[in-house]
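Notes for the structure review
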Amino acid sequence: MAQYDYDLITIGAGSGGVRATRLAGGWGHKVAIVENSRVGGTCVMRGCVPKKLLVYGAHFAEDFEDAKGYGWSVGETRFDWPTLIANKDRELERLEGVYERILRDNKVELLRGRGTIVDAHTVAVDGKTYTADKILLAVGGWPTLPDIPGIEHAITSNEALDLPTLPKRVTIVGGGYIAVEFAGIFHALGAQVTLLIRKEMILRGFDHTIRAALQEELLRKGIDLRCETTVRSIEKCPDGAFNLRLAGGEEHETDLVMYATGRAPNTRGLGLEEAGVRLTDSGAVIVDEHNRTSVDSIFAVGDVTDRINLTPVAINEGRCFAETFFHDNPMVMDYDNVASAVFSQPPVGSVGMSEEEARRKVGKVKVYLSRFRPMKYTLSGREERTVMKLIVHPETDKVLGAHMLGVDAPEIIQGIAIALKCGATKKQFDATVGIHPTAAEEFVTMRDPVPDPATDHTE
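Residues numbered from 1 in each chain as written. Predicted model: local features only at pLDDT ≥ 70, side-chain atom pairs only at ≥ 80, totals over all residues. Heavy atoms only, no water.

1. As for unusual backbone geometry
Worth spelling out the cut-off: Each helix corresponds to a stretch of at least 4 residues labelled H or I by DSSP, and each strand to a stretch of at least 2 residues labelled E; elements are numbered beginning at the N terminus.
A cis amide bond, omega 5°, links Gln345 with the succeeding residue Pro346. Along the polypeptide, Pro346 turns up in the loop between strand E17 (340–342) and strand E18 (348–352). At the junction of His436 and Pro437, the peptide bond is cis and its omega measures out at -5° in the coordinates. As for its position among the elements, Pro437 is in the segment after helix H12 (426–431). Even without being a glycine, Asp126 presents a positive backbone phi close to 50°. Position of Asp126 among the secondary structure elements: in the loop between strand E5 (122–125) and strand E6 (128–137).

2. Some details on the sheet that holds strand E12 (residues 242–246)
Put simply, the test is: If DSSP finds at least two bridges between two strands, the strands pair. For every element, the axis is a line fit to its C-alpha atoms; helices are fit only across the contacting stretch, and the angle between N-to-C directions ranges from 0 to 180 degrees.
Pairing within the open sheet is antiparallel, and its three strands lie in the order E11-E12-E13. Two strands bound the open sheet, and with one partner strand each, they are strand E11 (231–236) and strand E13 (251–254). In this sheet, neighbouring strand axes are inclined to one another by 20° on average, regardless of whether the strands run parallel or antiparallel.

3. What about the environment of Arg204?
For clarity, the threshold we go by: For each residue, the accessible area found with a 1.4 Å probe, counting protein chains only, is set against the maximum for its type, and the residue is called buried under 20%, exposed over 50%, and partly exposed in between.
Tracing the backbone through its elements, the reader meets Arg204 in the loop between strand E9 (192–196) and helix H7 (208–221). Judged by its relative accessible area of 72%, Arg204 is exposed. For Arg204 and Leu189, which are 15 residues apart along the polypeptide, the C-alpha to C-alpha distance reads 26 Å.

4. Quick look at helix H8 (residues 311–326)
What counts, and what does not: Multiplying 1.5 Å by the helix residue count minus one yields the expected span of that helix. Contacts are residue-level and defined by heavy atoms, with any inter-residue pair within 4.5 Å sufficient.
The terminal C-alpha atoms of H8, which comprises 16 residues, lie 22 Å apart, in line with the 22 Å expected from a rise of 1.5 Å per residue. Buried within H8 are the following residues: Thr311, Val313, Ala314, Glu317, Gly318, Cys320, Phe321, Ala322, Glu323, Thr324 and Phe326. In this fold, the buried residues of H8 make contact with strand E1 (6–11), helix H1 (15–26), helix H2 (41–46), helix H3 (48–67), E6 and strand E16 (298–300). A positive backbone phi angle near 55° is found at Asp328, which sits one or two residues after H8.

The structure is reproduced here in structure tokens:
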């Protein structure tokens, strides 16, 4: 048998790579992980975690206002961006230490440097080569920028998390979850925010009702949302500001330009195609249900495969890989009813099919919808609305999708996701006793479906 330096070498110490490698190491296999940046990957170091900390910080602006309706006299408040960033950085340093300790405790060797594929069993790390029986690619994705004049003046979410000061005017280009999340953060913390989107509505892929409701809330809060708008060029002004030339001929001045127009698999320069690993046109690694690439000894998990680009998905894919090939326990990832959240203000939680997807796949569906002002805002006077929606199969009564916009939506949808994973029916939802008074109880008290627009002809 061929002898290798390791049983497994993983390139990329993010969520998926760390999970797979530390499990294999904990089961007694000789493993190593390669990382040229911070241990923890996108989610922990430049994505979900730092972004959520900034979201928490942003929420205090409205909390101080709402406190007055409950009898609190809140004095003069002042926000300090450098303090928030410094405290965020301190937490990330702690988390990186936790990840490094987990690797050490599971006997994972950390190889510092940029890893590339030499052949089916060889990885090069800054010029030094290592061999392994299996190689796992877990390098994630990276923000993309369009090729327009002046694009070098724009930043991405990576840099937004480390700004030394909070600009007075921020322009965000993009309508996805990263764009709307940062729009909410910057706006709540005091910046004048403009959101430029190419389409007619934000959050493509989410349920239309939820998208429309969030868009209305962003406008209500004072975010300058401009739909069907494209940037042609960016020019730096003598005073340090930036001038954006838009497709319609208009000009727009701002102090910061942030692009959030998508992410691409981080496969460039890894030597994959030269080693025989097949990629899609967008650069994603093509894998089978067991995360195996076109090369038998090379595997991939997470955003680099461009399947469902969520951290918990990458973690579960990493676990399935490790269980299958290093623990004699074959597992396949189930991609049905994967819940997701948008930490916008207000936040979005979603699991299962949108109404549009359900109508395409099933045909007629039953839709249950509830809109109300959260109890928290009845005394504060805030006009923000919560929207909750269920999509139900008309024949089987199975709940196909659950969607929510409003306070605590991600926390609530996580529990609803368990029900959908178990194949719950609307009858079972109805038989569940709600917790009162909560917003979550609406999911088990919606009794009457809304009229079907395809069959309702009433005026």
